[in-house]
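# Descriptive structure summary
Listed here are the chains, written in short residue letters.
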Amino acid sequence: MMSRVLGYFLVVLFILGLNFTLPRLLPGDPLTALVGEQELILTPEYRQELWQRHRLDQPLPRQFWGYVLDLLRGDLGYSCYYQAPVLQVILPPLFWTLFLCGLSFLLSTVLGVLLGVELARQRQRTWTRAVLGVSLVLESLPGFLVGMGLLLVFSLKLGLLPFFGALDFRAQTAGTPLGAGVLRHLALPLLTLVLGELPGVALLTRAAMLKVLNAPCVLSARARGLGETRIKYRYQARLALMPLITRLGLRFGILLAGAVPVEVVFAYPGVGQLLFQALLKRDYPLIQGLLLLSLLAVLAGNALADWGYRLADPRLREQG
């Protein structure tokens with residue numbers, strides 16, 4: 001027990017150290033990124049005040065210790081660029097990212113599992129081979145490239161959907177329902193993320209399904225006269241869930257990181273776009289807050305995967 005507690009403590013300490021160190025490895029410093037060429041006209045007194053305000057005049061060990069103490073008090077720090085508490089800066093973009101990533105995670109999981117089940121059970125059909133080829137191509141493409149292609153076709157060429165932002169301000173002034181504008185702005189980023197994740201889920205489900213199509217419990221269910229639909233989802237798909245749960249747990253953990261290139265391409269106002277701006281401005285406290293948020297998402301993904309194992313496999317529930 002003590003060794004496990006010590007292990008968790010060391011992991012947390014390592015994560016905090018990594019979270020503190022990575023932003024400071026970037027070239028430049030927050031003051032230069034904040035004032036740019038105007039740094040030359042800053043008085044030495046004001047320059048010193050800015051350094052003291054953000055603890056940049058202290059040695060790195062003291063900065064790290066102050067960072068840990070602030071975290072213990074629930075304080076993520078004060079943004080150098082936005083001049084506001086980091087938590088206050090993060091919350092509005094976090095809503096948009098959770099909205100986008102939550103929907104993409106849900107859609108890609110449900111549709112990917114259904115598609116993977118059919119690809120395995122109807123593997124001799126012509127359409128499954130075509131879908132398999134398309135899935136392999138989409139799986140190999142980076143998300144930002146798919147997003148740029150959708151942007152060129154549906155926004156710039158056809159003009160069907162907006163190409164940046166999350167709200168349609170002209171529609172608000174014209175009395176159009178707010179939800180319609182939000183969905184129109186959401187469509188292309190959501191489609192990009194779904195096309196990036198769905199093929200992987202479908203291919204993994206198909207591979208796992210092929211191993212259990214004729215498992216003993218499936219043959220027993222057929223012998224008892226159960227319908228094929230019930231056998232397909234209650235026995236075969238359930239047996240194929242274990243490797244999929246691992247992927248979904250890992251995928252949940254990197255949702256925020258995966259949304260960064262998509263939000264930058266579509267100028268979507270989420271935490272990915274905020275992280276991009278924070279990196280440009282060398283805003284150490286904001287970068288630390290966003291990285292910490294991403295690390296917490298990884299831990300939550302691992303916890304959800306562990307819970308999913310127990311839900312899918314009764315033997316693990318019996319072991320406690």
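Reference entry: report on the structure contained in this document.

About the cut-offs
Residues numbered from 1 in each chain as written. Predicted model: local features only at pLDDT ≥ 70, side-chain atom pairs only at ≥ 80, totals over all residues. Heavy atoms only, no water. Helix = DSSP H or I, 4+ residues; strand = E, 2+ residues; numbered from the N terminus. Buried < 20%, exposed > 50% of the residue type's maximum accessible area, 1.4 Å probe, protein only. Contact = heavy atoms within 4.5 Å. Areas by Shrake-Rupley, 256 points an atom, 1.4 Å probe, with all protein chains shown as cover. Salt bridge = Lys/Arg side-chain N within 4 Å of Asp/Glu carboxyl O. Phe/Tyr/Trp six-rings, centres within 6.5 Å; stacked < 30°, edge-to-face > 60°. Patch = residues over 30% accessible without salt bridge, like charges linked within 9 Å, V, L, I, M, F, W, Y side chains within 5 Å. Lys, Arg positive; Asp, Glu negative; His and termini not counted. Charge placed at Lys NZ, Arg CZ, Asp CG, Glu CD. Core = buried A, V, L, I, M, F, W, Y, C linked by side-chain atoms within 4.5 Å.

### As for the overall build of the protein chain
- Regarding its fold elements, the protein chain presents 16 helices and zero strands.
- Taken across its 320 residues, the protein chain has 38% of its residues classed as buried.
- In the protein chain, once contacts between residues fewer than 6 apart in sequence are set aside, the share between residues at least 24 apart is 72%.
- Surface accessibility of the protein chain: about 18,300 Å² in total, with carbon and sulfur atoms responsible for 69%.

### Focus on the environment of Val271
- Looking at the element boundaries, Val271 is found in helix H14 (residues 271–280).
- According to the relative accessible area criterion, Val271 is buried, its value standing at 6%.
- It is 7.4 Å that separates the C-alpha atoms of Val271 and Leu290, two residues lying 19 residues apart in sequence.
- Setting aside its immediate chain neighbours within four residues, Val271 contacts Ile90, Pro93, Leu94, Thr97, Leu256, Glu263 and Leu290.

### Focus on the pattern of salt bridges
- One pass over the full model with this rule turns up four salt bridges.
- Linking Arg73 and Asp70 is a salt bridge whose minimum nitrogen-to-oxygen distance equals 2.4 Å.
- In this structure Asp70 comes out as buried when scored by relative accessible area, which is 9%.
- Residue Glu228 is joined to Arg121 by a salt bridge in which the shortest nitrogen-to-oxygen separation is 2.9 Å. With Glu228 in helix H11 (residues 228–239) and Arg121 in helix H5 (residues 86–121), the pair connects residues that are 107 residues apart, well separated along the chain.
- Under the relative-accessibility criterion, Glu228 is labelled partly exposed at 34%.
- The exposure class assigned to Arg121 is partly exposed, which follows from its relative accessible area of 26%.

### Here we look at the packing of aromatic side chains
- According to the stated counting rule, one finds seven aromatic pairs in the structure shown.
- Ring geometry for Phe95 and Trp96: centres 5.2 Å apart, planes at 70°, overall edge-to-face.
- Assessed through its relative accessible area of 52%, Phe95 is described here as exposed.
- Residue Trp96 is classed as buried on the basis of its relative accessible area, which comes to 16%.
- An aromatic cluster of three or more residues is present, and its members are Phe95, Trp96, Phe99 and Tyr268.

### Some thoughts on the side chain of Lys232
- For Lys232, the location among the structural elements is in helix H11.
- Using a relative accessible area of 12% as the deciding quantity, one classes Lys232 as buried.
- Other than its neighbours up to four places away in sequence, Lys232 contacts Val117, Glu118, Arg121 and Ala237.

### Thoughts on a positive patch on the surface
- Taken together, the side chains of Arg224, Arg230, Arg234 and Arg238 define a basic patch exposed on the protein surface.
- Mapped onto the elements of the fold, Arg238 is located in helix H11.
- Relative accessible area serves as the criterion here: at 37%, Arg238 is assigned to the partly exposed category.

### Details of the nonpolar core
- With 16 residues, the main nonpolar core has Trp96, Leu100, Leu186, Leu190, Phe266 and Tyr268 as its most contacted residues.
- The greatest single-element share of this core, amounting to seven residues, is contributed by helix H9 (residues 178–212).
- Beyond its immediate chain neighbours, meaning those up to four positions away, Tyr268 contacts Trp96, Phe99, Leu100, Gly165, Ala166, His185, Leu186, Pro189, Glu263 and Gln273.
- Within the second largest apolar cluster, 15 residues are counted, among which are Val89, Ile90, Leu256 and Leu274.

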